[in-house]
Amino acid sequence: MASSFPKGFLWGAATAAYQIEGAWNEDGKGPSVWDEFCHRDGKVWQNHTGDVACDHYHLWKNDIKLMQEIGLKAYRMSVSWPRVIPLGYGKQNPKGLAFYDKLIDGLLKAGIDPWITLFHWDMPQGLQDKGAWMNSDIPKHFEDYAALLASKLGDRVSNWMTFNEPQCFIGIGYSSGIHAPGDKRSMRDLLLMYFNFHLAHGRAVQAIRQNAKLKANIGMAPCTSGAIPETESKKDIDATKKSMFTIGDRENAFVNISWILDPVLLGKYPEEGLKRYEGLLPEIKDSDLKLISQKIDFIGCNCYTGYKVKAGKDGKPETLAKPIGHPRGHLDWLTVDPEALYWLTRFFNERYPDKPLVITENGFCSLDWVALDGKVHDPARIDQMHRYLKGLKRAAAEGIPVKAYFHWSLMDNFEWAEGYRARFGMIHVDYTTQKRTLKDSAYWYKDVIASNGKDI
Ligand code: GCO
């Protein structure tokens, strides 16, 4: 008899404000760094922008109906900071707040639990003009933003994530020029930005707890690729775990997951990193670490890919190259490595014991279209989901505290520098007509949810 996922396991799907809402300058919304970046020639594939995106700002009621059709129990969304506080500080935008107010009410009425990400990359341009993460005032501005949302929505929302993928919005946004705002800064600057992000996280956790009426379940959604041992021998597993959390190159802007999570969950930066970054770090006081390591209730993680590791000489981790023709999605980075979620959750649970784990993103991108039969056939996405969920189910069966899975994404949307080139949705979006069509994967996921993954 096939076993299901644990009772109460939460099945959801995820999106982000800038990627689906559109209405980039409507009803008092201020510009974000992504609005500015997209409006600069040549920054985004074919100069695509999020000006309209999936027009979710106007189509949200219909989109909730589609979530109900899939049978989602939860929906991970983000709030656009400049939509509710146009400059990022000071004056609030009542129309922006009203949008999220009615969206949350609509979700709850549909029996769908809203999970809110406070920051999914749309830094208000007003704060970018003041240095953004370089500015020591940014934690306070973020705290005010968190307090506002918690006070306005915290009587109906209990699940919060402070940040989505700091390694991207800092490590890509301020080093490579590929993501907004397209700055190219030194590692010293990046480490200061990561420090200010950590302080902002700690302040936001406090602000949510102080201002939300409902008991808050708070986490964060960093990202990482999952290290997978070549064999399940002790030496390969030990080497792989080491690889998963090692700091790596001193100048690598995309810092390791341990640099993001250790201060939050263990109250200290990894020793290896303090040594590796010696001379580049800002002053970090004990009181800072106390703020940063405010208790959080779950660890979120966005994980799409994995990489194989074996124990080399003296047990040193050796990363194995992927074989030619290894399965991948439409974007080169998106390889299919099904065991990633099992090993990620196992290694996280060993490093950060007994903290509930939530897969805040996992998904696949393919070139889908509406077929002659009017359906959207996406067998590769179904197979990818099935394989990754088998790994997650193994983890749950072994007692690892996996609590939820949010598929990226509910619908096709704006994929940052790639524009609309890659389709990640379980719902196909015709960007000309804004017509939505549930893909085969949406119906497959509906059955998974209804059976709590019994046939995975
Ligand atoms: C990320 C972001 C999402 C992406 C998705 C596919 O993880 O990069 O959270 O906004 O669209 O992951 O790349």
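A quick note: this is a predicted structure, and the numbers were derived from the prediction, not measured.

J.: How should the site of the ligand be read in this particular structure?
T.: Around the ligand, 13 residues are found, and the nearest of them are Gln 19, Glu 165, Tyr 304, Glu 361 and Glu 415. For the ligand, an oxygen atom lies 2.6 Å from a polar atom in the side chain of Gln 19. Between the ligand and Glu 165, the relevant distance is 2.2 Å, taken from an oxygen atom to a side-chain nitrogen or oxygen of the residue. Contact with the protein chains removes 95% of the 310 Å² of surface that the ligand exposes when unbound. Structurally, the ligand is housed in the largest pocket. Of the residues belonging to the shell around the ligand, the class tally is six nonpolar, four polar and three charged.

J.: What exactly am I supposed to notice about the environment of Pro 327 here?
T.: Note on placement: Pro 327 falls in the loop between strand E9 (317-319) and helix H14 (340-351). Once residues lying within four places of it in the same chain are set aside, the contact partners of Pro 327 are Thr 335 and Val 336.

J.: Sorry, what's going on with the sheet that holds strand E3 (residues 113-119) here?
T.: In a beta sheet, neighbouring strands are held together by backbone hydrogen bonds and run either parallel or antiparallel to one another. As summarised here, the arrangement of the eight strands in space is E5-E4-E3-E2-E1-E11-E10-E7, forming an open sheet in which the pairing is parallel. Each edge of the sheet is formed by a strand with only one pairing partner; in this case those strands are strand E5 (217-221) and strand E7 (299-302). Strand-to-strand, the axes of this sheet are offset by a mean angle of 25 degrees, without reference to chain direction. Of the strand pairs in this sheet, E7 and strand E10 (residues 357-363) are connected by four bridges, and their pairing is parallel. When the bridges of E10 are listed, Cys 301 appears paired with Ile 359.

J.: Just to check I follow, could you spell out the state of the cysteines for this structure?
T.: Defined simply, a disulfide is a covalent bond joining two cysteines at their sulfur atoms. Scanning all chains against the criterion turns up zero disulfides. Counting only cysteine sulfurs, Cys 301 is the nearest neighbor of Cys 303, a cysteine outside any disulfide, at a range of 5.8 Å.

J.: How should the pairing of strand E6 (residues 226-229) be read in this particular structure?
T.: A regular strand carries its side chains on alternate faces of the sheet. Both faces of E6 are covered, namely the face carrying Gly 226 and Ile 228 and the face carrying Ala 227 and Pro 229. For E6 and strand E8 (residues 306-311), the ladder comprises four bridges, and the chain directions are parallel. By the bridge assignment for E8, Ala 227 is matched with Tyr 307.

J.: Any chance you could explain the pairing of strand E2 (residues 74-78) here in plain terms?
T.: Within E2, five of the five residues are buried, which leaves the element mostly enclosed by the surrounding structure. Judged from the three bridges that link them, strand E1 (residues 10-14) and E2 form a sheet pairing that is parallel. When the bridges of E2 are listed, Gly 12 appears paired with Ala 74. Two elements, E2 and E3, share five bridges in a ladder whose sense is parallel.

J.: Would you explain the layout of surface pockets in this entry?
T.: If a probe as big as a water molecule is rolled over the atoms, it shows which places are left empty. Estimated volume of the largest pocket: approximately 730 Å³. Taken together, 36 residues make up the lining of the largest pocket; nearest its centre are Glu 165, Cys 168, Cys 223, Phe 254 and Trp 333. Going through the elements one at a time, helix H8 (166-169) and helix H10 (234-245) are the ones with two or more residues in the lining of the largest pocket. In this structure, the second largest pocket encloses a volume near 160 Å³. Considering the residues around the second largest pocket, the lining is formed by Trp 60, Lys 61, Ile 64, Lys 65, Gln 68, Gly 106, Lys 109 and Ala 110.

J.: Before we go on, may I ask you to explain a positive patch on the surface in this structure?
T.: Together, Lys 61, Lys 65, Lys 102 and Lys 109 make up a region of like positive charge exposed at the surface. Every element with two or more residues in the positive patch is listed here: helix H3 (56-70) and helix H5 (94-109). Within the secondary structure layout, Lys 102 lies in helix H5. We classify Lys 102 as partly exposed; its relative accessible area is 41%.

J.: Explain the pattern of salt bridges to me, please; I cannot follow it from the model alone.
T.: Opposite charge on two side chains allows them to pair when their charged atoms are near. By the definition in use, this model includes 32 salt bridges. The salt bridge partner of Arg 156 is Asp 105, with a shortest N-O separation of 2.8 Å. Separated by 51 residues along the polypeptide, Arg 156 in the loop between helix H7 (138-153) and strand E4 (159-164) and Asp 105 in helix H5 bring together distant segments of the chain. One salt bridge in this structure joins Arg 209 and Asp 297, with 2.9 Å as the shortest N-O distance.

J.: Help me out: how do you make sense of the side chain of Asn 362 in this one?
T.: Its place among the elements puts Asn 362 in strand E10. Polar side-chain contacts of Asn 362 include one of 2.8 Å to the backbone oxygen of Cys 303. Those residues in contact with Asn 362 that lie beyond four places of it in its chain are Cys 303, Tyr 304, Leu 341, Gln 384, Tyr 388, Tyr 405, Phe 406, His 407 and Trp 408.

What counts and how
Residue numbers restart at each chain and count upward from 1, following the sequence in its written direction. Under the rules for a predicted model, residues below a pLDDT of 70 receive no local features and side-chain atom pairs below 80 are neither given nor counted, while totals for whole chains, interfaces and linings still include all residues. Derived side-chain values reflect all non-hydrogen atoms in the structure, with water molecules and hydrogen atoms excluded from consideration. The nearness test applies per residue and asks whether one of its heavy atoms lies within 4 Å of the molecule or strand. Think of a polar contact as two N or O atoms within 3.5 Å of one another; within protein, one of them needs to be a possible hydrogen donor and the other a possible acceptor, and neighboring residues in sequence only count if both atoms come from side chains. In this description, accessible areas are obtained by the Shrake-Rupley approach with a 1.4 Å probe, and a residue is regarded as covered only by the protein chains that are shown. Only protein atoms enter the calculation, which uses a 1 Å grid: trapped sets of points that fit a 1.4 Å probe without letting it out are cavities, open sets showing protein on both sides within 12 Å along at least five of seven lines are pockets, and any residue with an atom within 4 Å of a point is a lining residue. Think of it this way: if more than half of a molecule's atoms are within 2 Å of a pocket's grid points, that molecule is in the pocket or cavity. Any residue that is not Ala, Val, Leu, Ile, Met, Phe, Trp, Tyr, Cys, Pro, Asp, Glu, Lys or Arg is counted as polar, Gly included; the first ten are nonpolar and the last four charged. Secondary structure elements follow DSSP: runs of H or I of four or more residues count as helices, runs of E of two or more count as strands, with numbering from the N terminus. Contacts are assigned to residue pairs that have any heavy atoms within 4.5 Å of one another. When DSSP finds at least two bridges between two strands, those strands are taken to pair. Here the axes come from fitting lines to C-alpha atoms, over the contacting stretch only for helices, and the angles between their N-to-C directions go from 0 to 180 degrees. The disulfide criterion is simple: two cysteine sulfur atoms within 2.5 Å. For each residue, the accessible area found with a 1.4 Å probe, counting protein chains only, is set against the maximum for its type, and the residue is called buried under 20%, exposed over 50%, and partly exposed in between. Grid points are joined across faces, edges and corners, and a volume is the space filled by probe spheres set on the points. Put simply, a patch holds well-exposed residues, over 30% relative accessible area, that have no salt bridge, with like charges counted together within 9 Å and Val, Leu, Ile, Met, Phe, Trp or Tyr side chains within 5 Å. Should a side-chain nitrogen of Lys or Arg be within 4 Å of a carboxyl oxygen of Asp or Glu, the pair is scored as a salt bridge. Here Asp and Glu are counted as negative and Lys and Arg as positive; His is not counted, and neither are the chain ends. One atom stands in for each charge, and that atom is NZ of Lys, CZ of Arg, CG of Asp or CD of Glu.

Worth remembering: the numbers are spatial, not functional.
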